[in-house]
Amino acid sequence: MNEDGTSVEAIAGEIVRGYMREEPREKDGMGKSKQEVNKLKSVNQGLIDNGTEENRECVGIHGRISSDRMREYLQLYLVVGSVDCKEDPVKVVSEALEGGATLVQFREKGPGSLTGEARLELAGRLRALCHSAGALFIVNDDVELALAVDADGVHIGQEDEAADCVRARIGERILGVSAITACEARSAIHQGADYLGIGPIYPTSSKKDARAVQGPQVLKTLRAQGIAAPIVGIGGITAARAAEVVSARADGVAVISAITQADDAQGAAATLKREVLRALASSSSASASQGSEA
Ligand SMILES: Cc1ncc(COP(=O)(O)OP(=O)(O)O)c(N)n1
Ligand SMILES: Cc1ncsc1CCOP(=O)(O)O
Ligand SMILES: [Mg+2]
């Protein structure tokens, strides 16, 4: 619920209705209709004007995000594409945000995924939803799409465009990089990563070409090797496993199926968030008591 009493779902409905009002289309040289570009601009402009100070800071007006702020946004990270969802992705994302998701990554890939204008429009809608809820919106792999919808950032992996090239293209927006080893992690940070996505931690069915399962131990090992950057664990994470991931020193959990395949996406997100917050609180009280014993 927003400060003015409107729910995220009500705002989503308005945005969807806005996009449904069709006018004759005129294409620009990039293959996007002028109508499409103007719609995105007006949605985004409205959000920037109405956005919180936090949103403005995170879209690059005040410089790179701090590690402390990044850690907060990593607490409950939803990775989502239309093919992952049992229902309308707009509904799934709005429910996840109501349940406490702090960051949404738009990962529209694989057989049956949206392309062209439909992909751009869905990205614009999800960005608007996230910002209305005070969450961040990040695009997977596609820098051009991220810039077109004025996303808060981009997530890339070891097989994608080089991190330093992406950093140069996105300016001060957030850059997330997938890593497993300390060498990959150090290189990503050196090239401008704001956070690392580490996984798969557990077996996953959501990514066919996932790397070998690492187990939560990989997180402890990276921390022991001096990797202090914000980290989110990903791959096979459920509410029952979230505390184990955070106790192994991730700052949060990233999930696809635990939310997108749930019968109640809001309830699933709320349960995950509760587990993450509980584990973060017990890790910080454990380190405080270790400090007082020293
Ligand atoms: C938060 C987060 N961590 C890791 C990944 C995986 O990225 P990548 O290895 O590039 O694989 P694809 O997602 O592009 O298939 C991620 N997307 N998000
Ligand atoms: C995108 C990605 N990267 C590593 S595992 C994974 C898929 C995570 O999906 P799920 O949470 O359903 O296991
Ligand atoms: Mg990738």
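Residues numbered from 1 in each chain as written. Chains lettered and ligands numbered in written order. Predicted model: local features only at pLDDT ≥ 70, side-chain atom pairs only at ≥ 80, totals over all residues. Heavy atoms only, no water.

Caption draft 1: Broad picture of the packing of aromatic side chains. Counted by the stated rule, this structure contains two aromatic pairs. Considering the side-chain rings of tyrosine 77 and tyrosine 195, the 5.9 Å spacing of their centres and the 65° angle between planes classify their relative orientation as edge-to-face. Of this pair, tyrosine 77 sits in strand β1 (residues 76–80) while tyrosine 195 sits in strand β6 (residues 195–198), and the two are 118 residues apart along the sequence. Per residue, the accessibility class of tyrosine 77 equals that of tyrosine 195, and both read buried. Note that arginine 241 overlies the ring of tyrosine 202, its terminal NZ or CZ placed 4.4 Å from the centroid. (Phe/Tyr/Trp six-rings, centres within 6.5 Å; stacked < 30°, edge-to-face > 60°. Helix = DSSP H or I, 4+ residues; strand = E, 2+ residues; numbered from the N terminus. Buried < 20%, exposed > 50% of the residue type's maximum accessible area, 1.4 Å probe, protein only. Lys NZ or Arg CZ within 6 Å of the ring centre and 35° of its normal.)

Caption draft 2: Just the side chain of glutamine 75, in detail. Here glutamine 75 shows up in the loop between α4 (67–73) and β1. Judged by relative accessible area, which is 16%, glutamine 75 ranks as buried. When residues no more than four places from it in sequence are discounted, the contact partners of glutamine 75 are Thr102, Asp251, Gly252, Val253, Lys273, Val276, Leu277 and Leu280. (Contact = heavy atoms within 4.5 Å.)

Caption draft 3: Broad picture of the nonpolar core. Within the largest apolar cluster, 64 residues are counted, with the highest numbers of intra-cluster contacts made by Phe137, Ile198, Leu219, Val253 and Ile259. Of the residues forming this core, the biggest block, six residues, is contributed by helix α6 (residues 116–132). If we skip the residues at most four places from it in the chain, phenylalanine 137 touches Val104, Phe106, Ala123, Leu126, Arg127, Cys130, His131, Val149, Ala151, Asp152 and Gly153. Judged by nonpolar contacts, the second largest core, of 14 residues, contains Leu74, Val79, Val232 and Ile256. (Core = buried A, V, L, I, M, F, W, Y, C linked by side-chain atoms within 4.5 Å.)

Caption draft 4: Molecular detail of the confidence of the model for the protein. Predicted confidence across the protein gives a mean pLDDT of 85, with 78% of residues reaching 70 or more. Note that residues 1–52 has pLDDT below 50 and, in this model, 78 contacts with residues that lie over four places away or in other chains. Here the predicted complex scores 0.83 on pTM and 0.99 on ipTM. (pLDDT = per-residue confidence, 0-100.)

Caption draft 5: The sheet that holds strand β7 (residues 231–234), seen in detail. Around the barrel, eight strands lie side by side as β1-β2-β3-β4-β5-β6-β7-β8; this closed barrel has parallel pairing. Taking each pair of neighbouring strands and ignoring which way they run, the sheet shows an average axis angle of 25°. Here three bridges tie strand β3 (residues 136–140) to strand β4 (residues 153–156), and the two strands are oriented parallel to one another. Within β4, the position partnered with valine 139 by the bridge is valine 154. Each of β4 and β5 (174–179) touches helix α8 (residues 163–170); the most contacted strand, β5, lies at about 165° to it. (Pairing = 2+ DSSP bridges. Axes fitted to C-alpha atoms, helices over the stretch in contact; angles between N-to-C directions.)

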